[in-house]
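Structural description and commentary
The lines below spell out each chain.
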Amino acid sequence: MIQLIRGFRDILPGESERWQAIEDTARAVLSDFGFREIRIPILEATELFTRSIGENTDIVEKEMYTFEDRKGDFVTLRPEATASIVRSYIQHKLYAGDPFHKLFTTGPMFRRERPQKGRYRQFYQINAEVLGSDSPLIDAQLVFILKILFSKLGVSDTTAHINSLGCPVCRPAFKKALIDHVVGMDTKLCVDCARRKTKNPLRLLDCKVPSCREAMAKAPDMMAFLCPDCREHFQRFKTALSVLGVAYVTDPRLVRGLDYYTRSTFEIQTNALGAQNAIAGGGRYDGLVKALGGPEMPATGFAIGLDRLAEILKNDTELQTGHPKVFIAAIGRESREKAFEWVCRLNEKGIPAEMDFGDRGLKAQMKRADKLASRYVIIVGEKELSAKTAVLRNMSEAQQEAIPFSMLIKMVIERIANAS
Ligand code: AMP
């Protein structure tokens, strides 16, 4: 039997309804905040990611699904969406006229990480990006949107962690201080940190290996290095969060694994998951549009991890909407043909309805209706056919009534509308 590739998975019915509910809620919230959808390809030129994410990152060094296509071009299954959105923004000159754009997208990302609960090789994100503004108020709005979205979904156990990564003016001194801090500590650093310490020293701060953590326990703090502009930017970000009632924790260890982030950075963490506790992350990337060949253009954004969000909401029964509202139990071929017509008519009117296409008895069919948690069951057999009257049974109230065929669809629709 051919099986799934490790780290990849199927989202089956029963689970997919929850995913849809999350996506629908996210679309509605993002649309309320003025975001418009952009759809971008899954496959891009490899160079897009090596240039934007940076050579000395886990993603580019060891996690990308890269291959040479039949013409010898190097292509990569996207490990994240921001680079593609920026590419598209530049390629289609979306900055001409009004450069300010609020864009969102959703879809699969691919990273060859070590699979574990909450970490997959194909995983899904909802991305929101705001291009064309350097205002810290936009950063605060993004964190606010995440808070609103998570609370609408009933995920309350979340904390916003924030930090500032500075800018090209002040970050070099901080990077140097980090490099100086680990001088002579090579034996304590993990292989990755030891190798990358001079090229990507920020990563030293969020490495999870205990000996690296120990080595960095007394590491310098970016806050002490922020230039006056970055300091003011960060202060205004924090003030705006307070005004919006978003509680936050300043976390000097919060760095992003991607090179292009500047200034505000944030992550939403939850206690509802195990080790993989981040359900959304993002921040400002003021240098990226220029680095990818566009004009000087500040930008900021976030990515929500859909897989992890769906995992948290696993026990939320309200999001399990796959059950038909109506089940039609039909006995005999002629009744089944009648039932089939009704099922199609109800489906046409937007009412989930189901029936048995086999030759099973009433008892077995009622059992199935029960299992499907149908609210109503319509029963039709020989007796009902000759009287041209079906039995409509309300399952939760255990009551039933006889309804003429000619009125059936209309009455069922009415009953359902009144009940909900
Ligand atoms: P990043 O693009 O690394 O900033 O990640 C943003 C969010 O995507 C994280 O907070 C996670 O919720 C989610 N995420 C990242 N990598 C994975 C993965 N391998 N599997 C599942 N979710 C992931």
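Criteria and cut-off values
- Residues numbered from 1 in each chain as written.
- Predicted model: local features only at pLDDT ≥ 70, side-chain atom pairs only at ≥ 80, totals over all residues.
- Heavy atoms only, no water.
- Domains from an automatic or database assignment.
- 1 Å grid on protein atoms, 1.4 Å probe; cavity = no way out; pocket = protein on both sides within 12 Å on 5 of 7 lines; lining within 4 Å.
- Points joined across faces, edges and corners; volume = space filled by probe spheres on them.
- Helix = DSSP H or I, 4+ residues; strand = E, 2+ residues; numbered from the N terminus.
- Nonpolar A, V, L, I, M, F, W, Y, C, P; charged D, E, K, R; others polar.
- Axes fitted to C-alpha atoms, helices over the stretch in contact; angles between N-to-C directions.
- Parallel < 35°, antiparallel > 145°, perpendicular 65-115°, else oblique.
- Left-handed = near helix turned anticlockwise from the far one by under 90°.
- Contact = heavy atoms within 4.5 Å.
- Buried < 20%, exposed > 50% of the residue type's maximum accessible area, 1.4 Å probe, protein only.
- Pairing = 2+ DSSP bridges.

Digging into the domain arrangement of the chain
Under the domain assignment used here, the chain contains domain 1 (16-170 + 226-317) and domain 2 (323-419). Using only C-alpha atoms to locate each centre, domain 1 and domain 2 end up separated by 47 Å.

What to know about empty space enclosed by the protein
Enumeration over the complete set of coordinates arrives at 1 cavity of 30 Å³ or more. Approximately 30 Å³ is the volume attributed to the largest cavity. Surrounding the largest cavity, Glu23, Ala26, Arg27, Leu30, Phe104, Thr106 and Ile126 form its lining. Those elements that place two or more of their residues in the lining of the largest cavity are helix H1 (16-32) and strand S5 (101-110). A breakdown of the residues in the lining of the largest cavity according to their chemical character gives 4 nonpolar, 1 polar and 2 charged.

Some details on the packing of helix H5 (residues 136-152) against helix H9 (residues 228-243)
Remark: H5 packs on H9, axes separated minimally by 8 Å, with the N-to-C direction vectors making an angle of 40 degrees. Here H5 lies oblique to H9, going by the angle between them. Viewed along their axes, H5 and H9 form a crossing whose handedness is right-handed. Counted together, Pro136, Leu137, Asp139, Ala140 and Val143 of H5 and His233, Arg236, Phe237, Ala240 and Leu241 of H9 form the full contact between these two elements.

Observations regarding the pairing of strand S12 (residues 326-330)
Burial analysis of S12 places 5 of its 5 residues in the buried class, which makes it a mostly covered element. Here S12 shows no split at all, with Val326, Ile328 and Ala330 on one side and Phe327 and Ala329 on the other all buried. Examined bridge by bridge, S12 and strand S13 (residues 353-355) share 3 bridges and lie parallel to one another. The residue bridging phenylalanine 327 from the neighbouring strand is glutamate 354, located in S13. Bridge count between S12 and strand S14 (residues 376-380): 5 bridges; the pairing is parallel. Looking across to S14, one finds that isoleucine 328 is bridged to isoleucine 378.

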